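Observations on chain architecture
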Amino acid sequence: MTRLVIHADDVGMCHGANRAYVELSHFGTITSGSVMVPCPWFSEIAETAASDDSLDCGIHLTLNAEKKHYRWGPVSSVGSSSGLVDEHGLLWRTVAEVRRNANPNAVEQEWRAQIDRALAAGINVTHLDAHMGSALAPEWCDRYVAVGIDYGVPVLICDSLAAYGPNRHVASSAEAQAADEGIKAAAAQARAAGMPVFDLVLETDFSRPPQEPADYQGMLGNLDDSLIFCAFHPNSPGGAEIEVIEPDTFHVRTDEYELFGTAGWKEWLIGQPYELASMADLA
């Protein structure tokens, strides 16, 4: 049987992301989520997650601050020599810039600082995954798995770059082979440590224009892999928050929130021949 993790990414980025994650988790259409520790609304979701054992909450390891005006810096005490930050002292906008500039030791230090802050805030960390897939870059994907092993939690990983939905951020077509070799080696390391290795990671389609209806039934209606991770990005609307942070694509996030909160979607989802799982279920 296919096992499906329905995951909320970018929790902690803003209040709307936190609200969507909590509401939809309680409703039963989100089974897992991960928090961006460096982001402005981390403390809100940390307080909620620490007091709510029903929430499956991982760490969305963050090396990028990609928005135009709404940005953040690292958690660790690193200087410009770390290569983690741009000229403004903020995390790079693209994964390519991180790969060109970051010292792998500083990358690992930053990941550990984010995990430690979440643990100190009382979050029961169930897994690690990566904002924009940055942890799967070949320069340090072996460290990504090693950090998961060290903290005793699984990491999100596939056997190939092609199976990983956010792969466009990780490597250009010219770099794909080297990145794929790194992921394969890291996946073998994860599997040897007893971690789940996913067959497929699906992702929200941020290219969908506002006037085009979303087809999530088409995306999830004919899946036959054994273990699938859905990296979705629901966000509640209103308050001129996500609408200002991400003016060109906010509709994709708010449409997910609206759809996933309907009884019809829940009925359709639980009627599929899949087993819905949290990351804690797979650990």
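See the structure printed just above.
A few points on the structure. Everything quoted here is computed from the prediction, not taken from an experiment.

1. Describing the packing of aromatic side chains
One pass over the structure, following the stated rule, counts 9 aromatic pairs. Between the aromatic rings of Phe 260 and Trp 265, the centroid separation amounts to 5.4 Å while the plane-to-plane angle is 25°, which identifies the pairing as stacked. Residue Phe 260 shares its accessibility class with Trp 265, and that shared class is buried. Note on Trp 265 and Trp 268: the rings are 5.1 Å apart at their centroids and 25° apart in plane angle, and the pair reads as stacked. Of this pair, Trp 265 and Trp 268 are both found in helix 11 (residues 263-270), 3 residues apart, which corresponds to roughly one turn of the helix. Side by side, Trp 265 and Trp 268 carry an identical accessibility label, which is buried.

2. Details of the layout of surface pockets
Roughly 360 Å³ of internal volume is contained in the largest pocket. Lining the largest pocket we find 23 residues, and of these Glu 66, Met 132, Arg 168, His 169 and Phe 206 sit closest to its centre. The set of elements that each furnish at least two residues to the lining of the largest pocket consists of strand 1 (2-11), strand 4 (125-130), helix 6 (167-170), strand 5 (200-203) and strand 6 (227-232). Looking at the lining of the largest pocket residue by residue, the classes come out as 9 nonpolar, 5 polar and 9 charged. If you add up the space inside the second largest pocket, you get close to 220 Å³. Taken together, 19 residues line the second largest pocket, and the ones lying closest to its centre are Asp 53, Ser 54, Leu 55, Asp 56 and Cys 57.

3. Re the pattern of salt bridges
Taken as a whole, this structure holds 15 salt bridges when the rule is applied. For Glu 139, the salt bridge goes to Arg 99, with nearest N and O atoms at 2.9 Å. In this pair, Glu 139 is assigned in the loop between strand 4 and helix 5 (141-151) and Arg 99 in helix 3 (residues 95-101), connecting sequence segments 40 residues apart. When the shortest N-O distance is used, the salt bridge between Arg 208 and Asp 255 registers 2.9 Å. Placement of Arg 208 in the loop between strand 5 and helix 8 (216-220) and of Asp 255 in helix 10 (residues 250-260) is noted, with a sequence separation of 47 residues between them. Accessibility expressed as a relative area gives 6% for Arg 208, which makes it buried. Residue class for Asp 255 comes out partly exposed when judged on its relative accessible area of 31%. It is possible to trace a salt-bridge network through shared partners that takes in Asp 10, Glu 66, Lys 67, Glu 246 and Arg 253.

The rules we used
Residues numbered from 1 in each chain as written. Predicted model: local features only at pLDDT ≥ 70, side-chain atom pairs only at ≥ 80, totals over all residues. Heavy atoms only, no water. Phe/Tyr/Trp six-rings, centres within 6.5 Å; stacked < 30°, edge-to-face > 60°. Buried < 20%, exposed > 50% of the residue type's maximum accessible area, 1.4 Å probe, protein only. Helix = DSSP H or I, 4+ residues; strand = E, 2+ residues; numbered from the N terminus. 1 Å grid on protein atoms, 1.4 Å probe; cavity = no way out; pocket = protein on both sides within 12 Å on 5 of 7 lines; lining within 4 Å. Points joined across faces, edges and corners; volume = space filled by probe spheres on them. Nonpolar A, V, L, I, M, F, W, Y, C, P; charged D, E, K, R; others polar. Salt bridge = Lys/Arg side-chain N within 4 Å of Asp/Glu carboxyl O.

Note that all results are geometric; they support no functional claim without further evidence.
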